[in-house]
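An overview of the molecular structure
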Amino acid sequence: MDLHHLKYFVVLSEELHFGRAAQRLHMAQPPLSQRIKDLEKELGVQLFHRRRTGVELSEAGALLLEHARGVLDHVAMAQESMRRIRPGASGILQVAVPPDTNPVALSTMVSSFAASAPDVLLNLHELTTVEQVERLRDGELDVAVVRHPLSSVGFESGPLYSRALGVVLNASHPLALLDAVPLGDLAGNPLIIFPRHMAPTLYDAFLHTCRDAGYLPAAIVHARNQHFTHGLIMAGRGVHFNEEPWTPLPSGIVWRPLVGDPLAWRTSALWLKSRRSAETDAFVAAVGAGLEAGGHG
């Protein structure tokens with residue numbers, strides 16, 4: 001059983017209203033409703049009776065609530081115990097970045113933060129957008145570096161930095177002869193893209209932009225790892241969108257800008273208002289320095 005789902009269940013049990021519970025959890029109502037449905041499906045019971053004015057706990061829900069609060073209390077106590085025995089616990093900032101963060105940007109973020117907050121240990125995590133948002137809500141992260149668009153209900157964000165994306169394609173592709181590629185000219189080519197569950201809103205926005213420009217991929221191929229992506233391109237299995245490479249690409253594939261820069265990484269720091277501190281402000285400033293160093297404008 002997912003502890004996150006258990007926490008959502010307890011909050012809804014206390015509020016007995018999806019809207020109020022979602023507001024308290026700093027999330028939109030539809031994802032909360034889906035997580036409760038997932039929990040009911042996993043347990044094979046109905047936890048709430050849905051009414052027009054709210055919800056009521058079912059008999060099964062009341063029984064689960066008796067156990068759930070105890071479980072969450074014990075988990076919180078265990079986490080607090082670990083924080084107390086961990087060296088430098090009072091000076092740790094938990095942050096996360098996307099898996100494909102530009103190394104120059106990441107290095108600059110770390111060094112810039114270290115210069116402004118030398119007594120604070122930066123604990124870095126590599127997480128997808130969905131994972132970052134969930135861990136921010138659950139208090140496991142202090143700041144995340146996220147890609148937009150995304151659902152940011154209940155969060156505060158820093159300045160938005162943009163980095164134009166181009167297309168990575170096989171060097172023998174006819175479009176590789178162009179200095180810049182019109183997005184619509186890619187029509188009929190398979191698209192290699194990150195799996196939708198990593199960042200659903202961003203994924204949908206990419207495909208919407210492609211469709212509006214006349215690019216309807218012949219197929220969608222999902223890939224997370226850069227080496228896997230490059231191998232697919234070298235094998236002629238599709239094209240891929242990414243920022244201008246910071247190191248030379250493997251022989252046999254090339255990067256070309258897109259005409260008019262229709263696609264971009266739009267990146268910012270994201271945090272819960274309740275967790276803002278001098279340390280988070282220092283990291284937000286470091287994020288700006290890192291993204292500018294990595295070519296984001």
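Residues numbered from 1 in each chain as written. Predicted model: local features only at pLDDT ≥ 70, side-chain atom pairs only at ≥ 80, totals over all residues. Heavy atoms only, no water.

Stated formally: UniProt positions are given in the numbering used here, feature names are shortened, and annotations may be inferred rather than shown by experiment.
Under the annotation held in an unreviewed UniProt entry, the protein chain carries the name DNA-binding transcriptional LysR family regulator and is attributed to Arthrobacter bambusae. Among the UniProt annotations of the protein chain, the heading Sequence similarities (unreviewed entry) holds the following wording: "Belongs to the LysR transcriptional regulatory family."

1. Here we look at the overall build of the protein chain
Here is the rule: Under the scheme used here, helices are H or I runs from DSSP no shorter than 4 residues and strands are E runs no shorter than 2 residues, and both carry numbers assigned from the N terminus. When accessible area is computed with a 1.4 Å probe and restricted to protein chains, residues below 20% of their type maximum are described as buried, those above 50% as exposed, and intermediate ones as partly exposed. Residue burial considers only the protein chains on display, and all accessible areas are found by Shrake-Rupley using a 1.4 Å probe. In summary, the charge assignment counts Lys and Arg as positive and Asp and Glu as negative, without counting His or the chain termini. One atom stands in for each charge, and that atom is NZ of Lys, CZ of Arg, CG of Asp or CD of Glu.
The secondary structure content of the protein chain amounts to nine helices and twelve strands. Overall, the C-alpha framework of the protein chain stretches about 65 × 50 × 30 Å when taken along its three principal axes. Out of the 297 residues in the protein chain, the part that is buried amounts to 43%. Summing over all exposed atoms, the protein chain offers an accessible surface of approximately 15100 Å²; the carbon and sulfur share of this is 54%. Each charge class in the protein chain can be summarised by its mean position, and for the 26 positive and 30 negative side chains these summaries are 4 Å apart.

2. Remarks on the packing of helix 1 (residues 3–15) against helix 3 (residues 29–43)
Each pair of packed helices can be described by the angle between their axes along with the distance between the axes. Here is the rule we go by: A fitted line through C-alpha atoms represents every axis, and for helices the fit uses only the stretch in contact; the resulting angles, taken between N-to-C directions, go from 0 to 180 degrees. Any angle from 65 to 115 degrees is called roughly perpendicular, while one under 35 is roughly parallel, one over 145 is roughly antiparallel, and all others are oblique. Whether two residues are in contact is decided by their heavy atoms, any of which lying within 4.5 Å being enough. Classification convention: Asp, Glu, Lys, Arg as charged; Ala, Val, Leu, Ile, Met, Phe, Trp, Tyr, Cys, Pro as nonpolar; all other residues, Gly among them, as polar.
Interaxial distance between helix 1 and helix 3 falls to 9 Å at its minimum, and their mutual angle equals 110°. One way to sum up the angle between helix 1 and helix 3 is to call them roughly perpendicular. Here His-5, Tyr-8, Phe-9 and Leu-12 of helix 1 come into contact with helix 3, specifically with Leu-32, Arg-35, Ile-36, Asp-38 and Leu-39. Split by residue class, the contact of helix 1 with helix 3 holds six nonpolar, one polar and two charged.

3. With respect to the environment of Leu-124
Mapped onto the elements of the fold, Leu-124 is located in strand 4 (residues 121–126). When its relative accessible area of 35% is taken as the criterion, Leu-124 is described as partly exposed. Counting along the chain gives 29 residues from Leu-124 to Val-95, while the straight-line C-alpha distance between them is 5.2 Å. Not counting residues within four places of it along the chain, the set of residues in contact with Leu-124 comprises Val-95, Leu-106 and Val-110.

4. Some points on the pairing of strand 3 (residues 92–97)
Note the cut-off: Any two strands between which DSSP finds at least two bridges are classified as paired. The handedness rule is simple: strands pointing away from the viewer, and a clockwise path from the first strand over the helix to the second, make the crossover right-handed.
Within strand 3, six of the six residues are buried, which leaves the element mostly enclosed by the surrounding structure. Side chains Ile-92, Gln-94 and Ala-96 project from strand 3 onto one buried face, and the interleaved Leu-93, Val-95 and Val-97 project onto a second face that is buried too. The pairing of strand 3 with strand 4 spans six bridges and is parallel. Bridge pairing in strand 4 links Leu-93 to Leu-122. Each parallel crossover has a hand, and the one from strand 3 via helix 5 (residues 103–116) to strand 4 is right-handed. Across two bridges, strand 3 lies against strand 5 (residues 143–148) in parallel orientation. The partner of Val-95 across the bridge, within strand 5, is Val-143.

5. Describing a nonpolar patch on the surface
Selection rule: Note that patches include only residues with greater than 30% relative accessible area and no salt bridge, and the join distances are 9 Å for like charges and 5 Å for nonpolar side chains (Val, Leu, Ile, Met, Phe, Trp, Tyr). Put simply, a salt bridge is a Lys or Arg side-chain nitrogen that is within 4 Å of an Asp or Glu carboxyl oxygen.
There is a patch of nonpolar side chains on the surface, built from Met-1, Leu-43 and Val-45 and spanning about 230 Å² of accessible area. Within the fold, Met-1 resides in the segment before helix 1.

6. Some thoughts on the packing of aromatic side chains
We apply this condition: Pairs were defined over the aromatic rings of Phe, Tyr and Trp, the Trp ring being its six-membered one, requiring ring centres within 6.5 Å. Orientation was assigned from the angle between planes: stacked under 30 degrees, edge-to-face over 60, tilted for the rest.
For the structure on display, the rule yields six aromatic pairs. Arranged with centres 5.9 Å apart and planes meeting at 75°, the rings of Phe-194 and Tyr-203 form a pair that is edge-to-face. Judged by its relative accessible area of 7%, Tyr-203 is buried. Residues Phe-194 and Phe-206 carry aromatic rings whose centres are separated by 6.2 Å and whose planes lie at 65° to one another, so their mutual orientation is edge-to-face. Of this pair, Phe-194 sits in the loop between strand 8 (191–193) and helix 7 (200–212) while Phe-206 is found in helix 7, placing the two residues twelve residues apart along the sequence.

7. A short note on the UniProt feature "domain: HTH lysR-type" (unreviewed entry) in the protein chain
Residues annotated by UniProt as "domain: HTH lysR-type" (unreviewed entry) correspond here to residues 1–58. Counted over residues 1–58, helix gives 60% and strand 14%. Its end C-alpha atoms are 19 Å apart.

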